[in-house]
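If you want the building blocks of each chain, they are given just below.
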Amino acid sequence: MGLLLRQLRNTLLGLFVLAAAVLLVFGPRRSTRPPAGRVVVTYWEKWTGTEGAQMQQIVDEFNNTVGREKGIYVQYLSVSNVDRKTLVATAAGVPPDVAGLWDAQIAQFAAMDALEPLDEMARACGITSDYYKPVYWKACTYEGRLWGLISTPWAVALHYNKRIFQEKAEAIRKAGGDPSRPPRTIEELDRYAEALDERDEMGRLKVAGYLPLEPGWFMVHTPFWFGASIYDEHSQRFTLTDQRVIQAFQWLRSYSERLGPKSMTDFRAGAGGFSGTLNPFLAGTLVMEQQGPWMANYIEEQRPSMNRWKMFKDLKRNEKLAAERKLSVEERRANYEWGAAPFPPSDPAYAGATFAGFDVLVIPAGSKHKKEAFEFIAYVNRQEVMEKICSLHCKNSCLTKVSDEFRNHHPNPYIEVFENLVSSPNARAIPPCPIWPEVVDEMNSTIQNIYLLNATTEEALREAQERLQQKLEKFKERQAQRRRALADARR
Amino acid sequence: MRAAELRQLGKGMAFISPWLIGFIVFTLLPVAMSLYYSFTDFALLKGPLPVGLDNYRELMWEPHPRGRFGDPHFWNSLKNTFYYAAMALPAGMLVSLGLALLLNVRLFGQAVYRTIIFLPSLVPAVASAMLWMWLFNSKLGLINAALMSLGVKDPPGWLSDPRWAMPALAFMSLWGVGHTVVIYLAGLQDVPTELYEAAEIDGAGRWRRLWHVTLPMISPVIFFNLIMAIIGTLQVFAVPMIMTGGGPARATQFYTMYLYDNAFSYLKMGYASAMAWIQLLIILALTAVAFWSSRHWVHYQGK
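Please read these numbers as outputs of a predicted model, since none were measured by experiment.

A. Spotlight on the overall build of chain B. Scanning chain B for helices and strands turns up 14 helices and 2 strands. Its C-alpha atoms give chain B a radius of gyration of 24 Å, more than 25% over the compact-globule value 19 Å for 303 residues. Along the first, second and third principal axes, the C-alpha set of chain B runs to 80 × 70 × 35 Å. The contacts in chain B between residues at least 6 apart in sequence include a share of 62% that link residues at least 24 apart. Of the accessible surface of chain B, which amounts to about 16700 Å², a share of 72% is contributed by carbon and sulfur atoms. Taking the average place of the 20 positive charges on the side chains of chain B and the average place of its 14 negative ones, the gap between the two points comes to 2 Å.

Now the structure itself:
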């Protein structure tokens, strides 16, 4: 028995040593070792997978060119919940040198002194307001200072299925529409949507012309298409009881009133996730939706036939892009089963309205290599680099100057639509509100109450207005208390 | 204390120091700090600003324009948590006890049935949440498919209808009763057979034996499970976070979820700490009530 136990113990020990040795030899290790003599800039970014690899490509190019020349080496690290982890690391005094956040965090982080201001460094590199499209520049600033520069910008447009428009041409015509073009006003969008709706034998929604819930990512920004916003930055007041804001959310509600909230939520439950083949727009069960320019990439990945409607059916992505170079933009567009157009405004005065969002590069407060970190951010903001990453991620540009190459040979043949939208005076970004994450949660539940018909639009918005204004006032009061405490301490 | 005893104490302390240091650094200190932070405005980057009872006032009794008091989402999340506990706690206790009684009956394949009942408890919370999301899916889910085959024309949107979302989550919580069943089974096997024999001689039937012998004898186990269930249901977080995210329209926003949002989305650490202390006091109070009531219904064999 003793011998058996000893043998068992020795076997287990041997296995453990072997496993440790295998781990040492083949186990995980640093993928790249920074070259000696260079300042290492740590860069935390949200992207993984293809998008992460594409950003890594930009980082490698920087390291092999500007980085080599100036003695800088950027180390890219994909980090989940990058906003929270950046904040915790900043509080602990060990922040990354560059962090890739979302637009929603600029005001919140800046108000908490979590970011380094970039004004002077940007100015020294020639990056000023003229260099950016106004909507994006403004969104990178908070209380008059610049807190971040964009890595990839985007905007929202109406995406529509041209094939289904053709198949249901008669129904669209009967509704007073023109199947050869997308709707141009909200009222026309509603008519198209109703004409395109299809129900199954049990009366459930089978095909939806348009559904505010799908994908529902931009519902909080609906007032933009009604010439309003939910927050007035000048008076620092929420404007949820403004007539145009009420009108915007009442329009969302009208879909619930027409289709029934259960019909809408059931349709949503049956639809697949965004990045799968069951995405209702890709599956042809949703004819029109609000989406960003990245849609061309996702369609290419999940349902490539939609990007090869009439020709190039057997060509792979790169071969198709090469073949498309010989075509005009109009000819290219004709080969796509879907189209993109400005999302219709409620009034022609708001033509060109869109929500302009972006991913942003910031330098967290306490970064040890600010100057070197900014060198990288400035590199990403060079026109040719910005156009490269935006082409890879299938997004528009945030810069004033855009090359013909970018406009004509972008993987998304509708990129001009997005470029025009973000250049419009009616383009808007997330308002500079320091409690924006709280606002989004409050608005999401308010919007749910509206489309589930739990409360009237006015009631739901009035309650949200009171709550949010109270939260904001409390935030401002605490900021003032802090300033007073700081002044007292200095005295 | 003699020198030898001191040396012994030193050695003892040295042996337990890994746990002791870990407990002090990672549990006791954070708990004490959270009490301090609950009286401050603290957003990680800026040092805590003392605000007295302001966080508690804002949560519970600050007046609002419509005659309401405190943070409506705080009260709503507290109400939701109690609503869930009122369904999940008794249902969980009854179902687990019932299953344990059935599994205690000697029959062929008893071990297999016990394994089947226990298996779901081994499935990670995230995996079972994903599984139940599909089961509850209003259009493609098996539950609604079964209801429709039974002639229900318009079965509910389990997770998308504010009226059904909470009962659905409470129902789903029964999926993980395996652990409790095992504890009940251990208690049931500890009941002396001579008591059943004596009761049988006295003419007690099955129900009387259950009521007058089994339940009093396993009452300490029931009490233990009750305390654990109170704590568990009032702290529920991961499953509803994955399945509903607190929606629709905050109908399933639990206390812990709102606390998490305040701490990690809105970065209001002081406010979240105050919420954590209120939660602790509520759980303490309910546990104290359970302990007080136990004098009347919990019977220990030694006494």
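After that view of the structure, there is still more to cover.
B. Up close: the sheet that holds strand β8 (residues 198-199) of chain A. Residue and element names in this part refer to chain A. Pairing in this open sheet of 5 strands is mixed, and the strands run β8-β9-β12-β7-β13 from one edge to the other. A single partner strand is all that each edge strand has here, and the edge strands are β8 and β13 (338-341). Inspection of the sheet shows strand β9 (residues 205-210) paired to strand β12 (residues 286-291) by 2 bridges, in the parallel sense. The partner of A208 across the bridge, within β12, is L286.

C. Highlighting the pairing of strand β7 (residues 157-161) of chain A. Residues and elements named next belong to chain A. Counting buried positions along β7 yields 5 of 5 residues, so the element is predominantly enclosed. Two strands pair when backbone bridges link them, and β7 and β12 are joined in this way by 4 bridges, in the antiparallel orientation. Bridge pairing in β12 links A157 to Q291. Where β7 meets β13, 4 bridges bridge the pair, whose relative direction is antiparallel. Note on β13: the bridge partner recorded for N161 is W338.

D. Geometry of the nonpolar core. Within the largest apolar cluster, 150 residues are counted, with the highest numbers of intra-cluster contacts made by Y43, Y132, M288 and F376 of chain A. For this core, the element with the most residues is helix α11 (residues 243-259) of chain A, which contributes 8 residues. Discounting chain neighbours no more than four positions away, the residues touching Y43 of chain A are M55, V59, V74, Q75, Y76, L77, V98, G100, L361 and F376 of chain A. Of all hydrophobic cores here, the second largest spans 29 residues; its members include A199, L215, I222 and A229 of chain B.

E. Spatial organisation of the side chain of R209 of chain B. Residues and elements named next belong to chain B. For R209, the position within the fold is in helix α10 (residues 206-217). No salt bridge is formed by the buried R209. Its closest oppositely charged neighbour is E200, at 4.3 Å. Residues contacting R209, with those up to four places away along its chain left out, are Y196, A199, E200, A204 and T214.

About the cut-offs
Residues numbered from 1 in each chain as written. Chains lettered and ligands numbered in written order. Predicted model: local features only at pLDDT ≥ 70, side-chain atom pairs only at ≥ 80, totals over all residues. Heavy atoms only, no water. Helix = DSSP H or I, 4+ residues; strand = E, 2+ residues; numbered from the N terminus. Rg over C-alpha atoms; globule rule 2.2 N^0.38 Å. Contact = heavy atoms within 4.5 Å. Areas by Shrake-Rupley, 256 points an atom, 1.4 Å probe, with all protein chains shown as cover. Lys, Arg positive; Asp, Glu negative; His and termini not counted. Charge placed at Lys NZ, Arg CZ, Asp CG, Glu CD. Pairing = 2+ DSSP bridges. Buried < 20%, exposed > 50% of the residue type's maximum accessible area, 1.4 Å probe, protein only. Core = buried A, V, L, I, M, F, W, Y, C linked by side-chain atoms within 4.5 Å. Salt bridge = Lys/Arg side-chain N within 4 Å of Asp/Glu carboxyl O.

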